[in-house]
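Survey of secondary and tertiary structure
Residue-level listing of the chains:
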Amino acid sequence: MARPHIAAREKKYTLEVLNSGVLSLGKKQELFEKKFAKFVGTKYACAVSSGTAGLHLAMIASGIGPGDEVITTPFSFVASANAILYVGAKPVFADIDPLTYNIDPKKIECAITGKTKAILVVHIFGQPAEMDPILKIAQKHHLKIIEDACESLGATYKGRMAGAFGESAVFAFYANKQMTTGEGGIIVTNNKKYHDLFLSLRNQGRGSNMQWLDHNRLGYNYRMNELSAAVGLAQVERLNWLIKDRQLVAGLYNNFLAPHGELIQVPEAPPHNTHTWQVYVIRIKNPDISRDKIILELQKGGISTKPYFPSIHLFSFYKDRFGFKPGDFPVSEAVSNSTIALPFYIGLKKEDVKYISNKLIEIIKKHAKRV
Ligand SMILES: *Cc1c(COP(=O)(O)O)cnc(C)c1O
């Protein structure tokens, strides 16, 4: 379904690291962080071991803790809501927009209580959430904005990059994202105090002068290793091309699938957004067609696809802990029940995209006749 794009430069930098003997906190990481911050347009970037680790530290820096509520979307990868739980706060979900699948600003306002401290905005699938109204609500109610930009590296809202809106923002580098470091993540911010805190927290709470034995707070081992940083440096140097190539593949899908608007909804972005395509997700329009059966039949045709995403509030852990039930967030649930992520990666050829698209439409048409 996904595969990373690894070129000669990634191999060269990795070999340099192996030959250097410095396998953590080295020069490649420093350069990677610098170039990454420049790309997003923030002052600072702190590389960490995963996007999830980055979200945890972002919560800590924003002072989120027990008794606080953080508003976020139920339609996301589970890590975004889990990060709120890591610091003892409560995730409060607000339903999503049925076209972009991002959090619906109107639903945010209804979810605010006296305990609300922040909004964790997730930019889903490769396009930014509707930031102007979200920023307005945050300002009005004195809420902090933290961004989970893990899926939307390089995407813009009204010309401004995802990751440049919150007091901090997190990106992730698992192999299916716009760029990869194997495992890894990064936290960007314009706040020097936060950045210093991130550097300390990722490294066992050591003092900023990096004295080995001075631990002045509870920290973690969330360091990125230097081999990952080497891959990351090569990828960030090629990032504009990586994103353009993703947009090309998405364009191919759009061409083949958009004419079938009566059967499926292709991904939609408002004109003020640019989309950088972490995944290509279509939605089956007829709610009576079983999405799971479509996935099984595609599998038989040699095409692997995935339901994307299940709604977080209906995971058993969340249901047991908070008493969520079906119907709580109807838009998110309807989208969860009808979306399919198609194979999507750089190098997918026009013939492949055509084959997948034709097969998909053929199978949906067959099922449409039955229901
Ligand atoms: C990938 C992702 C993360 C972080 O993932 P890691 O595997 O921990 O790097 C967080 N939130 C969202 C929405 C993601 O897609």
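Below is a summary of the structure that appears in this document. Keep in mind the model is a prediction, meaning the values are calculated, not measured. (Residues numbered from 1 in each chain as written. Predicted model: local features only at pLDDT ≥ 70, side-chain atom pairs only at ≥ 80, totals over all residues. Heavy atoms only, no water.)

Taken together, 4 strands build an open sheet; the order of strands is 10-11-13-12 and the sheet is antiparallel. Strands at the two margins of the open sheet, each flanked by one partner only, are strand 10 (264-265) and strand 12 (306-307). When strand 12 meets strand 13 (residues 339-342), the two strands line up antiparallel, connected through 2 bridges. Bridging across to strand 13, Lys306 finds its partner in Ala341. Across the sheet, helix 9 (residues 239-257) lies against strand 10, strand 11 (280-284) and strand 13, angled at about 20° from strand 11, the strand it touches most. Across the sheet, helix 10 (residues 291-300) lies against strand 11, strand 12 and strand 13, angled at about 25° from strand 13, the strand it touches most. (Pairing = 2+ DSSP bridges. Helix = DSSP H or I, 4+ residues; strand = E, 2+ residues; numbered from the N terminus. Contact = heavy atoms within 4.5 Å. Axes fitted to C-alpha atoms, helices over the stretch in contact; angles between N-to-C directions.)

On to helix 13 (residues 350-370), then. In this model helix 13 runs 31 Å from its N-terminal to its C-terminal C-alpha over 21 residues, within 8% of the 30 Å that 1.5 Å per residue would give. Looking at helix 13, one finds that the buried residues are Val353, Ile356, Ser357, Leu360, Ile361, Ile363, Ile364 and His367. For helix 13, the arc enclosing every buried residue in end-on projection is 165°, short of the 170-degree limit, so these residues lie on one face. In helix 13, those exposed residues whose orientation departs by more than 90 degrees from the buried face are Lys350, Glu351, Lys369 and Arg370. For helix 13, the secondary structure elements touched by its buried residues are helix 9, strand 10, strand 11, helix 10 and strand 13. (Expected span 1.5 Å × (residues − 1). Buried < 20%, exposed > 50% of the residue type's maximum accessible area, 1.4 Å probe, protein only. Arc of directions from axis to C-beta.)

With that out of the way, let us pick up the packing of aromatic side chains. Applying the stated rule across the entire model yields 24 aromatic pairs. Relative to Phe309, the ring of Phe125 lies with its centre 5.7 Å away and its plane at 25°, an arrangement referred to as stacked. With a gap of 184 residues between them, Phe125 in the loop between strand 4 (116-122) and helix 6 (131-140) and Phe309 in the loop between strand 12 and helix 11 (316-322) connect regions that are remote in the sequence. With relative accessibility at 5%, the residue Phe125 sits in the buried group. (Phe/Tyr/Trp six-rings, centres within 6.5 Å; stacked < 30°, edge-to-face > 60°.)

In this structure the tally under the stated criterion is 16 salt bridges. The closest approach of N and O atoms between Lys28 and Glu16, which form a salt bridge, is 2.7 Å. Placement of Lys28 in helix 2 (residues 27-40) and of Glu16 in helix 1 (residues 8-20) is noted, with a sequence separation of 12 residues between them. Lys28 gets classed as buried once you look at its relative accessible area, which sits at 15%. Judged by its relative accessible area of 32%, Glu16 falls in the partly exposed class. Of the charged contacts in the structure, one is a salt bridge between Lys35 and Glu237, with a shortest N-O distance of 2.8 Å. A residue pair is termed long-range when its members are at least 10 positions apart, and Lys35 in helix 2 and Glu237 in helix 8 (residues 226-237) qualify at 202 residues. The class of Glu237 is partly exposed, set by a relative accessible area of 24%. (Salt bridge = Lys/Arg side-chain N within 4 Å of Asp/Glu carboxyl O.)

The local shell around the ligand holds 14 residues, among which Gly51, Thr52, Asp148, Glu151 and Lys177 are the closest. Between the ligand and Glu151, the relevant distance is 2.6 Å, taken from an oxygen atom to a side-chain nitrogen or oxygen of the residue. Its free accessible area being 390 Å², the ligand has 92% of it covered by the protein chains. (Near = heavy atom within 4 Å. Polar contact = N/O pair within 3.5 Å; in protein donor to acceptor, adjacent residues only side chain to side chain. Areas by Shrake-Rupley, 256 points an atom, 1.4 Å probe, with all protein chains shown as cover.)

Right, let's get into helix 7 (residues 192-201). The complete set of buried residues in helix 7 reads Tyr194, His195, Leu197, Phe198, Ser200 and Leu201. Looking at the buried positions of helix 7, the neighbouring elements they touch are strand 1 (44-48), helix 3 (51-61), strand 5 (144-148), strand 8 (168-172) and strand 9 (185-189). For helix 7, the side-chain oxygen to backbone nitrogen distance between the N-cap and Lys193 is 2.9 Å, and the N-cap itself is Asn191.

What follows deals with the environment of Asn358. Along the chain, the position of Asn358 falls in helix 13. A relative accessible area of 44% means that Asn358 is categorised as partly exposed. Separated by 195 residues in the primary sequence, Asn358 and Gly163 have C-alpha atoms spaced 36 Å apart.

Turning to unusual backbone geometry, a few remarks are in order. Residue Phe309 is bonded to the preceding Tyr308 through a cis peptide linkage, with omega at -20°. The backbone of Leu25 sits at a positive phi, close to 50°, despite the residue not being glycine. You can see Leu25 is positioned in the loop between helix 1 and helix 2. Of the residues examined, Leu25 reaches a relative accessible area of 34% and is grouped as partly exposed. The phi angle at Trp277 is positive, at roughly 55°, despite the residue not being glycine. Position of Trp277 among the secondary structure elements: in the loop between strand 10 and strand 11. Overall, Trp277 belongs to the buried group, its relative accessible area being 8%.

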